Amino acid sequence: MIKFFRKIRQNLLMENKTGKYFKYAIGEIVLVVIGILIALSINNWNENQKMTLLENQYLIRLKEEAKWNIQQIEENKQENLQISKELNVVIKNLENKSLDSLKSSIYRPNYIHPWLLKTDTYDELVSTGTLNNITDLELRDLLNQAKSYSNFSEKQLEYWRNIAVSHETSFIPFRNSILIKESDSTYYKTFLDLKKMENDSNIIELLKYWSQGKMVFYEGINGLKKIYIDILNRIDCIEQSDCK
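Since we're looking at a predicted model, the values are computed, not measured.

Draft legend 1. Quick look at the layout of surface pockets. Each pocket or cavity is described by its volume, and for the largest pocket that value is around 180 Å³. Looking at the largest pocket, the residues that line it are Trp-115, Tyr-149, Phe-152, Ser-153, Gln-156, Leu-157, Trp-160, Val-216, Phe-217, Gly-220 and Ile-221. Among the secondary structure elements, those contributing two or more residues to the lining of the largest pocket are helix 4 (137–171) and helix 6 (201–239). It is helix 4 that provides the largest number of residues to the lining of the largest pocket, a total of 6 residues.

So, in structure tokens, the structure goes:
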């Protein structure tokens, strides 16, 4: 093709058609520029398609992690709420000296349930410097909020774990174990001996402390759950091209 255009230009020069030669040369340059622009446009389109595909893959992973985290947080919330309620019943019975049972199934009121949240996709985006692959600014902001909230919660949990360890020795004297024999297994079940705790005002105060602590956990992690619900809703609207 290049040889063909070159031959035409040479013939024009040989025939002293200089005006036509320059017009033709300019036209040829224009065609080359147009060809380059088309090639660049196609290349940019291909790159945009790759980025869109990559973003969609990240959105799928972020969505699955958000669903998992919402479930984990809800289970954690309900566990803390249930323990708080049970502790309140135990406290009331101890104070009224009306023990319906001499045992409590809660043998570690100071137990801190560990976090089991998934943030692998967000961590990967940050560590590889590709968070901007998530083009929706609101979603990026929500992801950053979730990570900040999670980091803050981890620090708070570490604070409570230290308190839990310091209180452990106070509960040990009131724990007992019994041997349970079933048809296919034998095991020890540990419980709090409420009869021993009945006249101990200090241990009752500790039970109150942890009942309130469980409600602090319940209320605190509810904020994180809301952020993950917002993340899930935002991804849904992005996938449906219906974000406002």
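Now, onward.
Draft legend 2. Spatial organisation of helix 4. With 35 residues, helix 4 should reach 51 Å at 1.5 Å per residue; the first-to-last C-alpha distance of 49 Å fits that figure. Of all the bends in helix 4, the greatest, near 30 degrees, is centred on Val-165. Two or three places before Glu-138, at the start of helix 4, stands the capping residue Asp-136, its side-chain oxygen 3.3 Å from that residue's backbone nitrogen.

Draft legend 3. Structural context of the side chain of Asn-80. Looking at where Asn-80 falls in the secondary structure, it is placed in helix 2 (residues 18–96). A distance of 2.7 Å separates the side chain of Asn-80 from the side chain of Asn-76, its partner in a polar contact. Residues within four places of Asn-80 in sequence aside, it is in contact with Lys-214, Phe-217, Tyr-218 and Ile-221.

Draft legend 4. How the structure looks around the nonpolar core. In terms of nonpolar packing, the biggest core is built from 44 residues, with Met-197, Leu-207, Trp-210, Tyr-228 and Ile-231 touching the most fellow members. Residue assignment for this core shows that the elements contributing at least two residues are helix 2, helix 3 (120–127), helix 4, helix 5 (194–197) and helix 6. When residues of this core are assigned to their parent elements, the largest contribution, 13 residues, is made by helix 6. Not counting residues within four places of it along the chain, the set of residues in contact with Met-197 comprises Leu-94, Phe-174, Leu-192, Ile-203, Ile-204 and Leu-207.

Draft legend 5. The arrangement of the pairing of strand 2 (residues 175–181) in detail. Where strand 2 lies against strand 3 (residues 186–193), 7 bridges are found, and the strand directions are antiparallel. In the strand pairing of strand 3, Leu-179 is matched with Tyr-188. Taking the residues between adjacent antiparallel strands as the criterion, strand 2 and strand 3 are bridged by 4 residues.

Draft legend 6. Expanded view of empty space enclosed by the protein. The final tally for this structure, using the stated rule, is 2 cavities of 30 Å³ or more. Lining the largest cavity we find Leu-62, Glu-65, Ala-66, Asn-69, Lys-118, Thr-119, Tyr-122, Leu-143, Ala-146, Lys-147, Tyr-228 and Ile-231. If you tally residues by element for the lining of the largest cavity, the top one is helix 2, at 4 residues. There is about 60 Å³ of room inside the second largest cavity. Elements represented by at least two residues in the lining of the second largest cavity include exactly helix 2 and helix 6.

What counts, and at which threshold
- What you see as residue numbers is a count from 1 along each chain, following the sequence as written.
- At least 70 in pLDDT is required for a residue's local features to be given in this predicted model, at least 80 for side-chain atom pairs to be given and counted, and no such filter applies to totals for whole chains, interfaces and linings, which use all residues.
- To get the side-chain values, take all heavy atoms of the structure and skip hydrogens and water.
- Lining residues are defined by having an atom within 4 Å of a point belonging to a cavity or pocket. Those points lie on a 1 Å grid over the protein atoms alone, cavities being sets where a 1.4 Å probe fits but cannot get out and pockets being open sets with protein on both sides within 12 Å along at least five of seven lines.
- Grid points are joined across faces, edges and corners, and a volume is the space filled by probe spheres set on the points.
- Numbered from the N terminus, helices here are DSSP runs of H or I no shorter than four residues, and strands are runs of E no shorter than two.
- Multiplying 1.5 Å by the residue count of a helix minus one yields the expected span of that helix.
- Two axes enter the bend calculation: one fitted to the seven residues ending at the residue in question, the other to the seven starting there, and the bend is the angle between them.
- Think of a polar contact as two N or O atoms within 3.5 Å of one another; within protein, one of them needs to be a possible hydrogen donor and the other a possible acceptor, and neighboring residues in sequence only count if both atoms come from side chains.
- Residues count as neighbours in contact if any of their non-hydrogen atoms are within 4.5 Å of one another.
- What we call a nonpolar core is a set of buried Ala, Val, Leu, Ile, Met, Phe, Trp, Tyr and Cys residues that are connected through their side-chain atoms within 4.5 Å.
- Exposure is judged per residue with a 1.4 Å probe applied to protein chains only, and the accessible area is read against the type maximum: over 50% gives exposed, under 20% gives buried, and values in between give partly exposed.
- Note: two strands are recorded as paired if DSSP finds a minimum of 2 bridges between them.

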